[in-house]
Structure formats: structure tokens, C-alpha cells
Amino acid sequence: MKRTGRSQPSGPADAAGPSISAANLAKLVDGTLQGNARALVSGIASLTEAGPDDASFISSNHYLPQLRSTKAGVVIVRKRVRLPANHPGTTIVVDDADLAVARVLEFFAPPVPHPLAGIDESARVAPSANLGDGVAIGPFVSVGERVRIGARCRIHAGVAIGDDTVIGDDCVLFPNVVVRERITIGARVVIHAGSVIGSDGFGYRWDGRRHAKVPQIGTVIIEDDVEIGSCVCIDRAKFSVTRIGTGTKIDNLVQIAHNVTIGPHCIIVGQVGLAGSSKLGTGVVLGGGVGVRDHVSLGDGVMVGARSAVAHDIPPQSTVTGLPAIPQRQFLREQAAQRRLPELIVQMRAMQDEIEKLKARLKD
Amino acid sequence: MKRTGRSQPSGPADAAGPSISAANLAKLVDGTLQGNARALVSGIASLTEAGPDDASFISSNHYLPQLRSTKAGVVIVRKRVRLPANHPGTTIVVDDADLAVARVLEFFAPPVPHPLAGIDESARVAPSANLGDGVAIGPFVSVGERVRIGARCRIHAGVAIGDDTVIGDDCVLFPNVVVRERITIGARVVIHAGSVIGSDGFGYRWDGRRHAKVPQIGTVIIEDDVEIGSCVCIDRAKFSVTRIGTGTKIDNLVQIAHNVTIGPHCIIVGQVGLAGSSKLGTGVVLGGGVGVRDHVSLGDGVMVGARSAVAHDIPPQSTVTGLPAIPQRQFLREQAAQRRLPELIVQMRAMQDEIEKLKARLKD
Amino acid sequence: MKRTGRSQPSGPADAAGPSISAANLAKLVDGTLQGNARALVSGIASLTEAGPDDASFISSNHYLPQLRSTKAGVVIVRKRVRLPANHPGTTIVVDDADLAVARVLEFFAPPVPHPLAGIDESARVAPSANLGDGVAIGPFVSVGERVRIGARCRIHAGVAIGDDTVIGDDCVLFPNVVVRERITIGARVVIHAGSVIGSDGFGYRWDGRRHAKVPQIGTVIIEDDVEIGSCVCIDRAKFSVTRIGTGTKIDNLVQIAHNVTIGPHCIIVGQVGLAGSSKLGTGVVLGGGVGVRDHVSLGDGVMVGARSAVAHDIPPQSTVTGLPAIPQRQFLREQAAQRRLPELIVQMRAMQDEIEKLKARLKD
């Protein structure tokens, strides 16, 4: 089934998108409407940027001044915000503003363009590869021998998939992603553009005159419902497996070294680096730019502040920060002390003077 | 206009490049010539590496020893350098050595090879795409539906451009760049190889059993004259816009999260990470590896030292450094104090001893 | 020699790989066998994951509990491990467990699939390019004018190589690597997927109204036996050369700015950033995420702890750590002091009280 068409028709860019009445919006977000039930909105914007055709939202009293001057047609208001009694605009009061905004975004979200089902005529798919029903293979894609791609996967332009790799149903690989040979990817996995899965782990051994390469013969397993950002590198294991647990979400430019194990439902923010054989439990959250030393374990529910470096095992449910990461409370105490350090030195000098004076007096 | 040729003829690698006489070089850099006006140079090199056919330069007295032994045919000398009275070589004295070197580099710069105007026969351009005059589309490029590409843009091999994206005149996209759908790029924008513009922002909401994706329905606007390095990731906004201001320059491996706003003429050095909704004013300079926390604002002209983490708003024209970033002067004071800390502890112990002795004496 | 086949036949994924008897394994790793010489193993795994068909290994007494319960068919034991006298399993005692494991990995390593020798029919190779014997050019590869590619190089899908670039014998460029024009790469160099070699250095000059680009007319030289990870960026020099010394190994997501010089046999771990004109001697080791300031030199054999920032020249054979990096011993002393800082402040307050009391008494 060769074809030349490229992507799903999503209509011209300037076509009117969906719109919704305030009454239906209130239903959608499970909120209480006050004002013009018939007001129509066709987008969402911040209070300062919204026009009469937009919905907006307020989740903190901090933004009440912006609420007063907003032109938004409808404003979703978090219950705890102290809305002025005489507020003139149309409002929808909700318990959970984040959830409400997510639902509105889902309503307005334009379809993401994907290659059409079928194999683009420029693509290079090995004869022994096995593609599920409705798979879409975009232009300039190469698919290796014995690769299995699950039903309805959408493989964008320029993706390269190595021999013997297995990909589950309903995955999306955005342009120029590289998945090397013998990798296993679960169902509903999304990998954003330019990421590389399954390069060799970084392993060498000094043999007296050069760094001899230690073969990296293991693999990578990415479990179901993982989402991986752009330009992320996940290396194959030295032997055994580098594993990304089900439902884990990884931001851009993250480095995941060989034999790392990431548990389910973790959140790994941009530019994190996980060194070899480090281990994350369930639901771990790593802030942006965090580094984790090799062979270090982080227990379930651990949270690590942005730009911290984790050098030792961290017990479950702890919140740590710093270089190296220590309990958040201790970190804040040390940081406050650090701020006072220059003044402390002055103070010590004064104390020393006083001691000298006391000594001099006692000599009298 | 299909074609099979690949790049502009730029002549064989070993062909003679341009050369220039010392007299003309002096004119080019607005300097004062001393020595052999007819000396010909055909390149530029450092004092230690230059040969008789090279120009070189000296901008600090620190390098005077290298000047004495240089073989450079002509040396551009910054005015404040104390040139020995008896220096035998040909020199050109200038006020601004950086500017002079830039002009010399411009003179010697070989042309950058680009795909030829026209559409490479392997490229996949949607019929509804609109290409300006003289656009060059390289091999294995895919261009989505309703894309508009301005005049004279040069789109290198393997680039993927998503539906409804608009690119201004005279842009260069180097190989394997990915620009996703509905993105807006101004005129004269340069994007180096492997960068990804418009991936989804990193947004999830815990729904009790999994991180549910919050749709990222916004876009990215890159204004005129922006240059973006290699393997840079700029995410689309949750809603509204991630914006890069006119004339801003971004180095390699930088992460720019959803809804970031970068003002005009900023300098963002390699491996910087800007978290969601952070905001940079005009002319902000971020050193290599700097991190900026989400929703934090940096005023116009702020300078942040390399590897710092900015955790709070920074007023305009400040220079900050550290983890978290604090005013440079305070940082240096704290750092000096830090260096003295171990000695301080020893000193305190001594003071405590003296106090004990005083107490003992008083008891007598 | 156009062809349509894609990669070397490496056999079905579920085919039996190589297996080896305990006796032969002992020979392979130069060890002393105890137990069942005929035990056959066909893989290697950790003590906890290994089955009866696997070899495993133990290199520290720390793992003795895992040894007791392992199901591994053969265990390679580092000499200094105190193996229980009554250990029932088959063991091979070796002097150097790392070397032994490397040899076992080499034995079991499956062949890495590469494109077949010849030029894929989709590839775009300039007529003036010169390819050595047995070169393999994969699908969607573009090779510029006058490029020279040495014998037996394997260029994977989607690679783009710019005009006048020269690549030595036996190199491997994995998918979607970009090597820009006029770059020189030695023999046996491996570049993993998505890396970019030879983008413009980051150089601008404020001309009063904008950051004017300073042309980057230099090149990159990558010497023999270098290995470069995924999504690494190595910029071309402003003029002259950015150089990576022979045998140096570079991990993923590393940034190497213009005019950097890296000596032979260095180890550069993931996410390191080297600023412009920084210089590394022979055998330098940089931990993950290290930053080095521009124009800073690190002597031969310098080791820098992960996440450190090097702001000043470092003499040969030193081990440094911290922000900025200082000698390791001093760093540990300061860090210990830092830990005690909050307590110190309390202590100082107490001392001040005591001084006040002494003064009061003396007044009596």
C-alpha cells in the first residue's frame, strides 16, 4: 500500500476552530455559571491576552487586578479566589482550576498532524518487518529487518528503526527519532523529534595504552504510556536492560545512561542526567537539570529540587535539594546560614577583640 | 522545478582562497599600517600558528612573547598593546581588535554550501505548500500542508516542517532540523542542525492513577534575525505563545520550555535551561548552563554568570551569579567566606577555649 | 553499485546466540575453574537476574548474599572476594573481574547491524565525492561535493555530510548524524545518532544596534579512534581548529564550543560543556555535567568531579571538584564545614552570651 499523500487533512490554518457556549463550558468543567450562558468562546488565553472570544481563568487572588481589566468572554474561577461581588463578566466557578483548564485545552486542541496510514513511497521498510493494522510510515523512514510495529503507530518523517526492534500499538515517533536495534517499546509510547533510544552505553576499560570499548550488549525497554521529549538520549544496557517504567514522562535533553532503572509514573524534567545503573522507584520527581550519580537509588515518591546532584541513596518519600542533595529543610537552613557567613566572620573578629580586652583586664 | 544537483559549486577544497595585501587589509580594518604594504596574506591564524601567508592579531600585552616569535605576515595590533619599538614585522594598529578580526574573518570566509534553488527531486513538498522565489529545498526534506516558506530560504537535507508553519524570507535551516506544525518563524532566522522547534510543552496532571497529558495547543514564534544552535529544543506553548525576540542568539543544547518569553537581542549560551513561563527582557545574557525557574522574570540587561540557577525575579541591569543566583558582589563575598569556613571552625574552637580559661580565672 | 537491500543479515531475533562451556569460559577469561567444566552458558546477567544458562560475576564481598541465592550457571569471582568454602555452584576465579566481564561481553556481543556495502539507491552522493572500498551508504544519506570517505566506512540512514569533508577508514556514523562542510575525521571514529559536527561557533559582536555575527571560518579535526555519543555538538573554530585528540571518548549531549582543544585519551562524561578555547591535556577525565570556562586549561591527567565548574587553570594530575572546582581534599573539608554551619551560628550566639556574662562580672 504505497502512497504519496503526506498528512491527514486538518483544514486550512485560518479555518474557524470549534467554539462552545458558556453554558456548555460550565458543564464541561463541572462548574457553576454566573452571567451570560450564551456567550460563545473559541479559544483560551491568559487574562491579559484574552479577547471577547476567549475563555480565561484565575486560580489565585494574586491575579485579581488582571481579572478587573480582562476582556475574556468567560473566566473560569477557582473556588478559593475572592471574586469581587460586583464582577461584571461571565464566570464559571470550579473546585480544581488545573483540571478545568486541561478540559478546555482538550476541547480546543487542534488535531496533531500525522502521516496517513500506509507506507510512504519513499520509506525503506525491510521485507521481514511486520506492521500492524493502520500503521502510518512517513517519508524517508527506514525500518530494519524483523522489526514489529504495532497497530495504528504513526512513524514520522526521517525516523530510523533498527533491526529486531519491537514497538507496541498506538505509538507516535516524531520526525528524526532514532531507535536502534533490539529495543522494546510498549503501547501508547510517544517519542518527540530527534531523540535517540538504544545507543551504546558509555563503557571503556583502560588496557594500558587506550580506552578499550566494553561491548554494550543489553537493550532498552520502554514500558506502556511513556512519553519522551525531544533530543533525549537513552542508552542500551551494558548487559541486561535500561528500563523506563510505565507512565513515566521525560522532558527534553535528558541523558539516561546504561542500566538505569526508572520506575512507573516518574516525572523527569528537562536536562536531567542519570548516570549508569542509577535507580528510581515509583513516582519519583526530578526537577530540571538534576544529576544522579551512578549506582544511586531513589526510593518511591522521592522529589529532588531543580539543579540538585544526588550522590547517595535517598529513602522513599523524601524531598531533597542541593549539591549534593540533602533534605530540603536542612538545605534551607544551610542556605540561610550561608547568606549570613560574611557577617559571621565580622562578628567573630569582634568577639575575638572582646576576649582580648577581657584577658587584658584580668591581667591588671 | 525538480533537480538532482545538490549544492552550490564552491570550488575544490584545495583551490586558492582570496588573498589581500597589507595595504588593503589596513583599509579594511581602518588601521594604521607600518612595514611592508605589499605583503600578501590569505588567511588568519593565532600568533603561534600563523605562517608568512597569514594575518594574525594581538589584543593584550599578555601575548607579547608570542608576538616576538610569530611568523605571521601581518599582525593587527590593538592600540593599547605596547608594541616593542624595534618590532621588525608588518603591523596594523587598530582601536578595536575584535571588530578588525571580524572584518578579516568576513573577508576570508568561504561561502557556506547550501542546496541549490529549486526542489530536490527526493523532497516531499505538500501540494498546498507555498514556496517563495529562489527557495532551495534539499534532499529528503518534508514540507507539510499549507506551509509557507519565504523567498530565498535554504532548507537543508532531512529537515521536516509540519503543516501550517510559516517561515519568513532568507532563512537557513541546516540538516535534520524539525519544525513542527503551526509554528511562525521570521525573516533571516538561522537554525543549526538537529534542533527541534515546537514539540509539546511538558505538562501533565495527576488524575489519581496516572499523569494525564495536558494538551499543548499553543505555538512558537521566532522573530526576525534569531540564530539558534544545534540540538536546541524550543517547546510550543500550553496555549498562547513561546516567543524568541528579534535578534536573540541561542547556542547549542539549550532547553526552552513552554510559554517562555525571550526579549530581543538576548544571548543564551550553551546548555541553558529555561523553565516554563520564565521571561527574559531585552538584551539579557545567560552564561553557559544557567537554569531559570518557571515563572521567573529577568529584567532588561540582566547578566547571569555561567552555571547559575535563577530562582527569583531579577531587577533590570543586575549581574547575578550562584545557586541560587544572587548579586555578583555578594556572591564573591560569600564565596571568599566559604573558602575560610574550615579555618573559622578551628578559630572558634580556640575562642571557646579562651572563654573557658577566662571563666576559670574569674572563679578563682 | 546501487542496491535496495538494507542491512546485513544477522539472523532472526529469537535464534540461539553463541554458547560456551565453563571450561572454555575459564580459558577466555584466564581464570581458575571450580565445579562443572561442561556447564554451558549463553549469556551474562547480574547475580539476581541470571538463570542457569547465564554466566554472572561477583567483584565485591558486598554482593555475597546475592551469590548465595543466584541461579547463574557459572559465576566469575574476583580473587579478593571471600567465597564461602562450601559454595555449591561452578565458579571461575580471576584477578581482574572488569577485564573478565569485558571478554565475556565481547564473546556474547551480537553483531551491530550496519547498512550493506554499496550505496543505497535512495542516497544522494555528489558525483565528485570519493568513496573507499567497501563503503556502505545507507538510505536517505546525503554526501556533498568532493567529500572523501575512507574504506569500509558505514554511513547509516539519514546522515548528512557537507562538501569537502574528509573521513578516514573504518568509521561508523549512526543514523541522522550531521557532519558539516570542510571537517576532518580520522580512522575508526564512531559517531552515535543525532550528533552534529561542525556547526558555527557561537560568536557575535555588538555593533551598536544588534549582535553582528562573527564568521566562523575554522574547522573541526577529530583524530583516530575517537568515539562520540548521541546528540553531541562540536562547533567549528572561529578560525583554525576545534580538535578532539586520538582515542578520546565523549558521552551523550556534550557541548564542545569553538576552538576547544581536547588531548588524546580523555573521557568526557554526559552533558559536559566546554566553553570556547578551553584546553584539555592528555588523559583528562571530566565527570557528568562538568562545565569548563572559556580559555581555561586543564593539565594532563586532571580529574574533575561530576557537576563541577572549572573556572581557572588546573595543574596536571590534580583531582578537583566543586563550584568553582577546587582540590578534592579542600572541597571535602569545606563541605563538612558547610554541614556544620547552622550549628556554628548557634554556638557563636552562646559564646557571645558567655562573653557578655564575663564582662558583666568584671564590672562588679
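Everything that follows concerns the structure shown earlier in this document.
Residues numbered from 1 in each chain as written. Chains lettered and ligands numbered in written order. Predicted model: local features only at pLDDT ≥ 70, side-chain atom pairs only at ≥ 80, totals over all residues. Heavy atoms only, no water.

Caption draft 1: Up close: the relation of the copies chain B and chain A. Each copy superposes on the other: chain B lies on chain A with an RMSD of 0.1 Å after a rotation of 120 degrees and an axial shift of 0.0 Å. Taken together, the rotation and translation relating the two chain copies correspond to the operation of a three-fold axis. Each copy contacts the other with its own distinct surface, as only 20% of the interface residues of chain B are interface residues in chain A too. (Least-squares fit on C-alpha atoms with pLDDT ≥ 70 in both. Contact = heavy atoms within 4.5 Å.)

Caption draft 2: Here's a closer look at the sheet that holds strand β31 (residues 261-262) of chain B. Residues and elements named next belong to chain B. Read across the open sheet, the 9 strands follow the order β11-β14-β17-β20-β25-β28-β31-β34-β37; overall the sheet is parallel. Where the open sheet ends on each side, the last strands, each with one partner, are β11 (130-131) and β37 (297-298). As paired strands, strand β28 (residues 241-244) and β31 are joined by 2 bridges and run parallel to one another. Bridge pairing in β31 links Arg243 to Thr261. (Pairing = 2+ DSSP bridges. Helix = DSSP H or I, 4+ residues; strand = E, 2+ residues; numbered from the N terminus.)

Caption draft 3: Spotlight on the interface of chain C and chain B. Taken together, the contact between chain C and chain B spans 71 residues of the former and 69 residues of the latter. Interface area, chain C with chain B, both sides summed: about 5,500 Å², of which 64% is carbon and sulfur. On the chain C side of the contact with chain B, Arg124, Phe202 and Phe239 of chain C bury the most area, a combined 13% of that side's loss. Summed over the shared surface of chain C and chain B, the result is 5 salt bridges. Among the salt bridges present, the one from Arg124 of chain C reaches Glu121 of chain B, with a minimum N-O distance of 3.9 Å. Taken together, the links from chain C to chain B amount to 18 residue pairs in polar contact (both at pLDDT 80 or more). (Buried area = accessible area lost by both parts, 1.4 Å probe. Salt bridge = Lys/Arg side-chain N within 4 Å of Asp/Glu carboxyl O. Polar contact = N/O pair within 3.5 Å; in protein donor to acceptor, adjacent residues only side chain to side chain.)

Caption draft 4: Representation of the interface of chain B and chain A within the structure. Counting from both sides, the interface comprises 71 residues of chain B and, opposite them, 69 residues of chain A. Here chain B and chain A share an interface that buries about 5,600 Å² over both sides, 64% of which is from carbon and sulfur atoms. The largest contributions to the chain B side of the interface with chain A come from Arg124, Phe202 and Phe239 of chain B, which together make up 13% of the buried area. Across the contact surface, chain B and chain A share 5 salt bridges. The partner of Glu334 of chain B in a salt bridge is Arg339 of chain A, and the shortest N-O contact between them spans 2.7 Å. Counting the contacts that link chain B with chain A gives 18 residue pairs in polar contact (both at pLDDT 80 or more).

Caption draft 5: Focus on the pairing of strand β8 (residues 90-94) of chain B. All names here are of chain B. Taking burial as the measure, the 5 residues of β8 include 4 buried ones, the bulk of the element. Of the pairings in the sheet, the one linking strand β3 (residues 32-34) to β8 comprises 3 bridges and is antiparallel in character. In the strand pairing of β8, Thr32 is matched with Val93. As judged from the 5 bridges shared by strand β7 (residues 74-78) and β8, these two strands associate in the parallel manner. (Buried < 20%, exposed > 50% of the residue type's maximum accessible area, 1.4 Å probe, protein only.)

Caption draft 6: Looking closely at helix α3 (residues 97-108) of chain C. Here α3 of chain C is 12 residues long and its end C-alpha atoms lie 16 Å apart, about the 16 Å a rise of 1.5 Å per residue gives. Taken together, the buried positions of α3 of chain C are Ala97, Ala100, Val101, Ala102, Val104, Leu105 and Phe108 of chain C. (Expected span 1.5 Å × (residues − 1).)

Caption draft 7: Broad picture of the side chain of Thr91 of chain B. As for its placement among the helices and strands, Thr91 of chain B is situated in strand β8. Apart from the residues within four sequence positions on either side, Thr91 of chain B is in contact with Thr32, Leu33, Gln34, Val75, Val77 and Leu83 of chain B.

Caption draft 8: Local environment of a nonpolar patch on the surface. A cluster of nonpolar side chains, Leu323 of chain A, Leu323 of chain B together with Leu323 of chain C, forms an exposed patch at the surface whose accessible area comes to about 210 Å². Note on placement: Leu323 of chain B falls in the loop between β40 (319-321) and β41 (326-327). Its relative accessible area of 33% is what places Leu323 of chain B among the partly exposed residues. (Patch = residues over 30% accessible without salt bridge, like charges linked within 9 Å, V, L, I, M, F, W, Y side chains within 5 Å. Areas by Shrake-Rupley, 256 points an atom, 1.4 Å probe, with all protein chains shown as cover.)

Caption draft 9: How the structure looks around the relation of the copies chain C and chain B. Expressed as a screw operation, the relation of chain C to chain B combines 0.0 Å of axial shift with a rotation of 120 degrees, fitting to an RMSD of 0.1 Å. The two copies present different faces, since only 20% of the interface residues in chain C are matched by interface residues at the equivalent positions in chain B.

Caption draft 10: Spatial organisation of the packing of aromatic side chains. The tally for this structure, following the rule as stated, stands at 12 aromatic pairs over all chains. Relative to Phe140 of chain C, the ring of Phe140 of chain A has its centre 5.7 Å away and its plane inclined at 70 degrees; by these criteria the two rings are edge-to-face. Of this pair, Phe140 of chain A sits in the loop between β12 (136-137) and β13 (142-143) while Phe140 of chain C sits in the loop between β12 (136-137) and β13 (142-143), which puts the two residues in different chains. With a centroid separation of 5.7 Å and an interplanar angle of 90 degrees, the aromatic rings of Phe239 of chain A and Phe57 of chain C are classed as edge-to-face. Pair noted here: Phe239 of chain A is in the loop between β27 (233-235) and β28 (241-244) and Phe57 of chain C is in strand β6 (residues 54-58), and the two residues belong to different chains. Given a relative accessible area of 7%, Phe239 of chain A falls into the buried group. By the ring-pair criterion, three or more aromatic residues cluster together here, those being Phe140 of chain A, Phe140 of chain B together with Phe140 of chain C. One residue, Arg180 of chain A, lies across the ring of Phe174 of chain C, its end atom 3.9 Å from the ring centre. (Phe/Tyr/Trp six-rings, centres within 6.5 Å; stacked < 30°, edge-to-face > 60°. Lys NZ or Arg CZ within 6 Å of the ring centre and 35° of its normal.)

Caption draft 11: Summary view of the sheet that holds strand β16 (residues 160-161) of chain C. All names here are of chain C. Pairing within the open sheet is parallel, and its 10 strands lie in the order β10-β13-β16-β19-β22-β27-β30-β33-β36-β39. Taken across any chain shown, the strands that pair with only one partner, and hence form the sheet edges, are β10 (124-125) and β39 (309-310). Bridge count for β16 against strand β19 (residues 178-179) is 2 bridges, and the pairing is parallel. When the bridges of β19 are listed, Ile161 appears paired with Val179.

Caption draft 12: The pattern of salt bridges, seen in detail. Using the criterion set out here, one finds 51 salt bridges over all chains in the structure. The salt bridge involving Glu227 of chain B is made with Lys213 of chain C; its shortest N-O contact spans 2.8 Å. Taken together, the residues span two chains, with Glu227 of chain B in strand β26 (residues 227-228) and Lys213 of chain C in strand β24 (residues 211-213). On the basis of relative accessibility, which here comes to 28%, the residue Lys213 of chain C falls in the partly exposed class. With a closest N to O distance of 3.7 Å, Lys359 of chain B and Glu356 of chain B form a salt bridge. Residue Lys359 of chain B and its partner Glu356 of chain B are located together in helix α4 (residues 328-363), separated by 3 residues, close to a single helical turn. For Lys359 of chain B, a relative accessible area of 24% corresponds to the partly exposed category.

Caption draft 13: Main features of α4 of chain B. Compared with an ideal rise of 1.5 Å per residue, which puts 36 residues at 52 Å, α4 of chain B spans 49 Å between its outermost C-alpha atoms and is within 8% of the ideal. In the structure, α4 of chain B departs most strongly from a straight axis at Leu341 of chain B, where the bend amounts to approximately 50 degrees and where the proline Pro342 of chain B lies between one and four residues downstream. (Bend = angle between axes of the 7 residues up to and from the residue.)

Caption draft 14: Molecular detail of the pairing of strand β7 (residues 74-78) of chain C. Residue and element names in this part refer to chain C. Taking burial as the measure, the 5 residues of β7 include 4 buried ones, the bulk of the element. As paired elements, β6 and β7 share 4 bridges and run parallel to each other. The partner of Ile58 across the bridge, within β7, is Val77. Read from β6 through helix α2 (residues 64-69) to β7, the crossover connection turns out right-handed. (Right-handed = clockwise from strand over helix to strand, strands pointing away.)

Caption draft 15: Quick peek at the packing of helix α1 (residues 22-29) of chain B against helix α3 (residues 97-108) of chain B. Residues and elements named next belong to chain B. With their axes 9 Å apart at the nearest point, α1 and α3 run at an angle of 120 degrees to one another. Our classification of the angle between α1 and α3 gives oblique. Regarding α1 and α3, the two cross each other, and that crossing is right-handed. Together, Leu25, Leu28 and Val29 of α1 and Ala100, Arg103, Val104 and Phe107 of α3 make up the contact between the two elements. Each residue belonging to the contact of α1 with α3 can be placed in one class, and the counts come to 6 nonpolar, no polar and 1 charged. (Axes fitted to C-alpha atoms, helices over the stretch in contact; angles between N-to-C directions. Parallel < 35°, antiparallel > 145°, perpendicular 65-115°, else oblique. Left-handed = near helix turned anticlockwise from the far one by under 90°. Nonpolar A, V, L, I, M, F, W, Y, C, P; charged D, E, K, R; others polar.)

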